[in-house]
Amino acid sequence: MKNKKLYQIINYSLPVVTVVMIVIVYAIISKVVGVELISPSVGSTLKEFFAMFGKGEFYKAVGGTLWRAFIAYVLSFVLAFALAALTKLWKPLRRAFSPIVALIRVLPTMSLILLALIWFNSFQSTVLVAFCIVFPMLYTGFCDAIESVDKDLIEMSRVYAVDKRRLVTKLYIPQALPSVFTSIKSSIGLNLKLIISAEVLAQTADSMGLYMQLAKINLDTAVLLAWTIVAILLGGLFEGIVTLIQKKAVKWL
């Protein structure tokens, strides 16, 4: 019992220790460099970070970025799930979709961003960029998750004439769900990063990317780092929520 508690304490404290070590290393580097423009101190960065919460523009920017990230991810998720399910029902569809998915996957991100900026407005282009990167990841992950279901159990279910609803809820979902959550966790943070990257180039109004770009233009490195911390915290929050939902889903199943 004591060993279990000790393990839990170490397990939860290690990430905190890692973060503290990163901050200490950065503080040392900042002290050695000694130039706020290049490497602002931890104190000045945190000062800018907390100052953001008192500004209305901060909440508009974060809200705008999260809204675009939400739309891009929902579109990617729904289409990837629907196509993965269709390819399971009719296998030739997967071969038909494979060239399109492969093309989207290998398309250079920077080229995609620049083309999107030419063809669409700043809102549409940011959503499109995130969609084109995240959709292939989710689609491939969902297809692999469905294919990972034990084929012997599927065959046994057919032999015993198990109805399709029970087959889906009692076999496909429990076996495919862990792989599905793995795909979601690996893509949800990336989705946010892509949105912010596209916002920087598109200079999208009311966005985190715009304020990062303005901080860079004004050579305000402390503000840029503060926005970076916000992005990291949001990405970590999303992954934490997905992990929590996964734990609840596993217990429910």
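Before going into details, it helps to say that this report is about the structure given with it. (Residues numbered from 1 in each chain as written. Predicted model: local features only at pLDDT ≥ 70, side-chain atom pairs only at ≥ 80, totals over all residues. Heavy atoms only, no water.)

## Here we look at the overall build of the protein
Part 1 of the reasoning: When helices and strands are tallied, the protein shows 10 helices and 0 strands.
Part 2 of the reasoning: When its helices and strands are written in sequence order, the protein yields α-α-α-α-α-α-α-α-α-α.
Part 3 of the reasoning: Relative to its 253 residues, the protein shows a buried fraction of 35%.
Part 4 of the reasoning: Long-range contacts, defined as pairs at least 24 residues apart, comprise 76% of the intrachain contacts of the protein with a sequence gap of at least 6.
Part 5 of the reasoning: By element, 71% of the accessible surface of the protein is carried by carbon and sulfur atoms, the whole surface being about 15900 Å². (Helix = DSSP H or I, 4+ residues; strand = E, 2+ residues; numbered from the N terminus. Buried < 20%, exposed > 50% of the residue type's maximum accessible area, 1.4 Å probe, protein only. Contact = heavy atoms within 4.5 Å. Areas by Shrake-Rupley, 256 points an atom, 1.4 Å probe, with all protein chains shown as cover.)

## Focus: the side chain of Ser76
Part 1 of the reasoning: For Ser76, the location among the structural elements is in helix α3 (residues 56-89).
Part 2 of the reasoning: Polar side-chain contacts of Ser76 include one of 2.8 Å to the backbone oxygen of Ala72.
Part 3 of the reasoning: Once you skip the residues sitting within four places of it in the chain, Ser76 turns out to touch Phe131, Val134, Phe135 and Leu138. (Polar contact = N/O pair within 3.5 Å; in protein donor to acceptor, adjacent residues only side chain to side chain.)

## Some points on a nonpolar patch on the surface
Part 1 of the reasoning: Residues Val16, Val17, Val20, Met21, Ile24, Ile28 and Val32 make up a contiguous nonpolar surface patch of about 640 Å² in total accessible area.
Part 2 of the reasoning: Inspection of the secondary structure assignment puts Ile28 in helix α1 (residues 2-33). (Patch = residues over 30% accessible without salt bridge, like charges linked within 9 Å, V, L, I, M, F, W, Y side chains within 5 Å. Salt bridge = Lys/Arg side-chain N within 4 Å of Asp/Glu carboxyl O.)

## Here's the deal with the packing of aromatic side chains
Part 1 of the reasoning: Within the structure shown, the criterion is met by 12 aromatic pairs.
Part 2 of the reasoning: Summarising the aromatic geometry, the rings of Phe58 and Trp227 are spaced 5.5 Å apart at their centres and angled 35° between planes, so their arrangement reads as tilted. With Phe58 in helix α3 and Trp227 in helix α10 (residues 221-252), this pair connects stretches of sequence that are 169 residues apart.
Part 3 of the reasoning: Look at Phe58 and you get buried, because its relative accessible area is 7%.
Part 4 of the reasoning: The class of Trp227 is buried, set by a relative accessible area of 4%. (Phe/Tyr/Trp six-rings, centres within 6.5 Å; stacked < 30°, edge-to-face > 60°.)

## Comments concerning the pattern of salt bridges
Part 1 of the reasoning: In the structure shown here, the tally under the stated rule is 1 salt bridge.
Part 2 of the reasoning: Across the pair Glu199 and Arg68 runs a salt bridge, and its minimum N-O distance is 2.9 Å. Residue Glu199 is located in helix α8 (residues 164-202), and its partner Arg68 is located in helix α3; the two are separated by 131 residues in the primary sequence.

## Section: the environment of Tyr59
Part 1 of the reasoning: Residue placement: Tyr59 occurs in helix α3.
Part 2 of the reasoning: Reaching out from Tyr59, the side chain makes a polar contact with the backbone oxygen of Phe53 at a distance of 2.7 Å.

## Here we look at the packing of α3 against helix α4 (residues 92-106)
Part 1 of the reasoning: One way to put it is that α3 packs onto α4 with a least axis distance of 6 Å and a crossing angle of 135°. With respect to each other, α3 and α4 are oriented oblique. In this structure, α3 uses Leu83, Leu86 and Thr87 to contact α4, whose residues at the interface are Leu93, Arg94 and Phe97.
Part 2 of the reasoning: For the contact of α3 with α4, the residue count by class is 4 nonpolar, 1 polar and 1 charged. (Axes fitted to C-alpha atoms, helices over the stretch in contact; angles between N-to-C directions. Parallel < 35°, antiparallel > 145°, perpendicular 65-115°, else oblique. Nonpolar A, V, L, I, M, F, W, Y, C, P; charged D, E, K, R; others polar.)

## Details of the nonpolar core
Part 1 of the reasoning: If you look at the biggest cluster of nonpolar residues, it comprises 55 residues, and the most contacted ones within it are Met52, Val62, Phe135, Tyr139, Met208, Trp227 and Val230.
Part 2 of the reasoning: Only α2 (42-52), α3, α4, α5 (109-119), α6 (122-147), α8, α9 (208-217) and α10 provide two or more residues apiece to this core.
Part 3 of the reasoning: When residues of this core are assigned to their parent elements, the largest contribution, 14 residues, is made by α6. (Core = buried A, V, L, I, M, F, W, Y, C linked by side-chain atoms within 4.5 Å.)

## Looking at α2
Think of an α-helix as 3.6 residues a turn; residues three or four steps apart then line up on the same face.
Part 1 of the reasoning: Buried residues of α2: Ser44, Thr45, Phe49 and Met52, and no others. The arc that holds every buried residue of α2, seen down its axis, measures 140°, which confines them to one face. Facing away from the buried side of α2 by more than 90 degrees, the exposed set consists of Lys47 and Phe50. (Arc of directions from axis to C-beta.)

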